[in-house]
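Architecture and fold: a report
Here's the letter readout for the chains.
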There are 2 protein chains.
Amino acid sequence: MSLLVVGSVAFDTVKTPYGKVDEVLGGSATYFSVAASYFTPVRLVAVVGKDFGDEPVRLLKGRGVDVSGLEVADGKTFRWSGEYSEDLNERTTHATHLNVFESFRPKMRRQDKGAPFLFLGNIDPDLQQQVLGEVKPEFVACDTMNFWIEGKSDSLKRLLGSVHGLVINDSEARLLAGELNTVAAARRLMDLGLKFLVIKRGEFGAALFQGGHYFAVPAYPVERPVDPTGAGDSFAGGFMGFLAREKKVGGPAMRQAMLYGTVMASFCVEDFSLRRLATVSEKAIDARVAELRGFLDVDGPSRKR
Amino acid sequence: MSLLVVGSVAFDTVKTPYGKVDEVLGGSATYFSVAASYFTPVRLVAVVGKDFGDEPVRLLKGRGVDVSGLEVADGKTFRWSGEYSEDLNERTTHATHLNVFESFRPKMRRQDKGAPFLFLGNIDPDLQQQVLGEVKPEFVACDTMNFWIEGKSDSLKRLLGSVHGLVINDSEARLLAGELNTVAAARRLMDLGLKFLVIKRGEFGAALFQGGHYFAVPAYPVERPVDPTGAGDSFAGGFMGFLAREKKVGGPAMRQAMLYGTVMASFCVEDFSLRRLATVSEKAIDARVAELRGFLDVDGPSRKR
């Protein structure tokens, strides 16, 4: 089933202990789309500037992503630059230039309406609500960030009552819920009307709360994580892409989707930008998912790695 | 099978967002012993001062811990005081008074020699090596800490070549290996000759490296973690205690032991000192292990919580 994603496309300048890249393709919707593209047809709705160029478009098209909803506006593409600490667990933002993204108003076309699966990337929650109202999907999940949690908490909480699921970082979940403990935060967020909640914990994996059920998956162990940028978005893309492919959103499908999300995040961090994420094979994805299953299997047989 | 543990017994003064306690029973070997006591006979070798009193001894004996190797030395019992951050993830030590623990020289008695299972708690690695040489157990694991990693790295690395396993915090594992990445650190530590390595990650669970196999378990979700002190030691106690009970140390037993360690840590954090850990029932332990299995089960049926 086709999956529609609305979010940001950017050029990132990133420094990590493994190196530095300048103005490489990034943005949450970009990582999401490419990760999801291994599972299902993806349509990307986002905005870029006149400076975007052909190369990133070729990369997206090469992955089969439908970029007909990628608006090219007067001005420059969103730019972010930042740096990670030695252990990669802290990120310092040096500059955020929203550029054309600042006045982004997602335009839903006739063909976008009724898309069965929708992912509302991290934009103004009022816009997320508007897109949701126009698309009226069968299944919808969203992401958000500190900026909206602090600035538009009411809009955001209203949105959470209208979507099926939220896929969010642990620190943001705690901030949004006003709780210091992640488990308590999850309970409070679920009470807002969510059917499911995925809490992403970076190198520590991710947890799924769904109805009264809980499921947790460790990160796929990567010995040389070059750049964590986009890992959470790649997780969300793998997760939603898998559900869209399976056309199932029940407990067992969602648990499997957690494995696929985890594996897409692991590929993402193995190189800068989308270098690795955009070039993996389905065979490599399935092999890593099988390995991950083994890492969770109390009764073995455990798999070699 | 009986399990011998050598380590510290202390009085702790602890402040967390949930309250404050003064001079309560603590120490790594104390938490370890009590957690392990639910599975197997435990003998504790440690030192306390003349001020130790009867009450802590009664608690240990009440759990069936053999305290005949608890030496009472002239002087005061080891004291530690510290405070946790709001999210419990950072700990500030206010005072460490080693007192009688400073000159602790574990005395192995005739009955300690040949103990089948041994856990070398966090003491000077030269003393750990000496105890190991005297006991000559069938199966031995150890713990350590920053102080020894920084001060006695060579002794410690030699010790790791003589034990079966190491149970250690993730930050300490990275420090000991000289690696910024936990997976890379694990690989390097295994190369020192370990048969297995458990990396403890607090609220994020724990990972097991064993031969070429990997297994990861999330923390049992606790909504109101009152005091994390002793959680890692309780994990180690549950882990080793289970193995001693099963008289098995292969892959499947060790994976199950990871669940029991996780569950004992979850009880530990639910109250200050050993208040909760010392008063759980075997039924409650088994119920939580069954729940935890459900949280790891990709194919469900997932369990309600």
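Above this note sits the structure.
Residues numbered from 1 in each chain as written. Chains lettered and ligands numbered in written order. Predicted model: local features only at pLDDT ≥ 70, side-chain atom pairs only at ≥ 80, totals over all residues. Heavy atoms only, no water.

**Focus: the interface of chain B and chain A**
Often the size quoted for an interface is simply the accessible area lost on bringing the parts together. Each partner contributes to the interface: chain B provides 40 residues, whereas chain A provides 40 residues. Note on chain B versus chain A: buried area summed over both sides is about 3,800 Å², and carbon and sulfur give 53% of it. In this assembly, chain B and chain A are joined by 6 salt bridges. Residue Arg 187 of chain B pairs with Glu 223 of chain A through a salt bridge whose shortest N-O separation is 2.5 Å. Between the two partners, chain B and chain A, sit 12 residue pairs in polar contact (both at pLDDT 80 or more). Residue classes in the side of chain B that touches chain A are distributed as 18 nonpolar, 8 polar and 14 charged. (Contact = heavy atoms within 4.5 Å. Buried area = accessible area lost by both parts, 1.4 Å probe. Salt bridge = Lys/Arg side-chain N within 4 Å of Asp/Glu carboxyl O. Polar contact = N/O pair within 3.5 Å; in protein donor to acceptor, adjacent residues only side chain to side chain. Nonpolar A, V, L, I, M, F, W, Y, C, P; charged D, E, K, R; others polar.)

**A word on the packing of helix H9 (residues 251-268) of chain B against helix H10 (residues 282-295) of chain B**
The relative placement of two packed helices is expressed as an angle between their axes plus a distance between the axes. Residues and elements named next belong to chain B. Axis separation between H9 and H10 bottoms out at 9 Å; the angle between their running directions is 115°. As H9 packs across H10, the resulting crossing turns out to be right-handed. On the side of H9, the interface is formed by Gln 256, Leu 259, Tyr 260, Thr 262, Val 263, Met 264, Ser 266 and Phe 267, while H10 contributes Ala 284, Ile 285, Asp 286, Arg 288, Val 289, Leu 292 and Arg 293. Class assignment of the residues belonging to the contact of H9 with H10 gives a composition of 9 nonpolar, 3 polar and 3 charged. (Axes fitted to C-alpha atoms, helices over the stretch in contact; angles between N-to-C directions. Helix = DSSP H or I, 4+ residues; strand = E, 2+ residues; numbered from the N terminus. Left-handed = near helix turned anticlockwise from the far one by under 90°.)

**Examining the sheet that holds strand S4 (residues 42-49) of chain B**
Residue and element names in this part refer to chain B. Taking strand neighbours across the sheet as the criterion, the 9 strands line up as S5-S4-S1-S8-S9-S10-S11-S12-S13 in an open arrangement whose pairing is mixed. Both outer strands of the open sheet, strand S5 (70-73) and strand S13 (213-217), are each paired with one neighbouring strand and no more. Each strand axis lies, on average, 15° off the axis of its neighbour in the sheet, ignoring direction. Pairing geometry for strand S1 (residues 3-6) and S4, over 4 bridges, is parallel. Residue pairing for S4: Leu 4 is matched across the bridge by Arg 43. (Pairing = 2+ DSSP bridges.)

**Re empty space enclosed by the protein**
Residue and element names in this part refer to chain A. Throughout the structure, instances matching the rule amount to 1 cavity of 30 Å³ or more. Volume-wise, the largest cavity comes out at about 40 Å³. Per-element accounting of the lining of the largest cavity gives the leading share, 3 residues, to helix H1 (residues 28-36). Looking at the lining of the largest cavity residue by residue, the classes come out as 4 nonpolar, 3 polar and 2 charged. (1 Å grid on protein atoms, 1.4 Å probe; cavity = no way out; pocket = protein on both sides within 12 Å on 5 of 7 lines; lining within 4 Å. Points joined across faces, edges and corners; volume = space filled by probe spheres on them.)

**Looking at a negative patch on the surface**
A contiguous patch of negative charge, built from Glu 86, Asp 87 and Glu 90 of chain A together with Glu 90 of chain B, is present on the exposed surface. Along the chain, Glu 86 of chain A turns up in the loop between strand S6 (78-84) and strand S7 (91-97). (Patch = residues over 30% accessible without salt bridge, like charges linked within 9 Å, V, L, I, M, F, W, Y side chains within 5 Å. Areas by Shrake-Rupley, 256 points an atom, 1.4 Å probe, with all protein chains shown as cover. Lys, Arg positive; Asp, Glu negative; His and termini not counted. Charge placed at Lys NZ, Arg CZ, Asp CG, Glu CD.)

**A closer look at the pattern of salt bridges**
In the structure shown here, the tally under the stated rule is 36 salt bridges over all chains. Two residues, Asp 112 of chain B and Arg 109 of chain B, come together in a salt bridge whose shortest N-O distance is 3.1 Å. Assessed through its relative accessible area of 0%, Asp 112 of chain B is described here as buried. Note on Arg 109 of chain B: relative accessible area 21%, which makes it partly exposed. When salt bridges that share partners are traced, they join Glu 23, Asp 51 and Arg 79 of chain A into one network. (Buried < 20%, exposed > 50% of the residue type's maximum accessible area, 1.4 Å probe, protein only.)

**Quick look at the pairing of strand S5 (residues 70-73) of chain A**
Residue and element names in this part refer to chain A. As paired elements, strand S4 (residues 42-49) and S5 share 4 bridges and run parallel to each other. Among the inter-strand pairings, Val 48 is bridged to a residue of S5, identified as Val 72. Regarding topology, helix H2 (residues 54-62) serves as the crossover connection from S4 to the parallel S5, and that connection is right-handed. (Right-handed = clockwise from strand over helix to strand, strands pointing away.)

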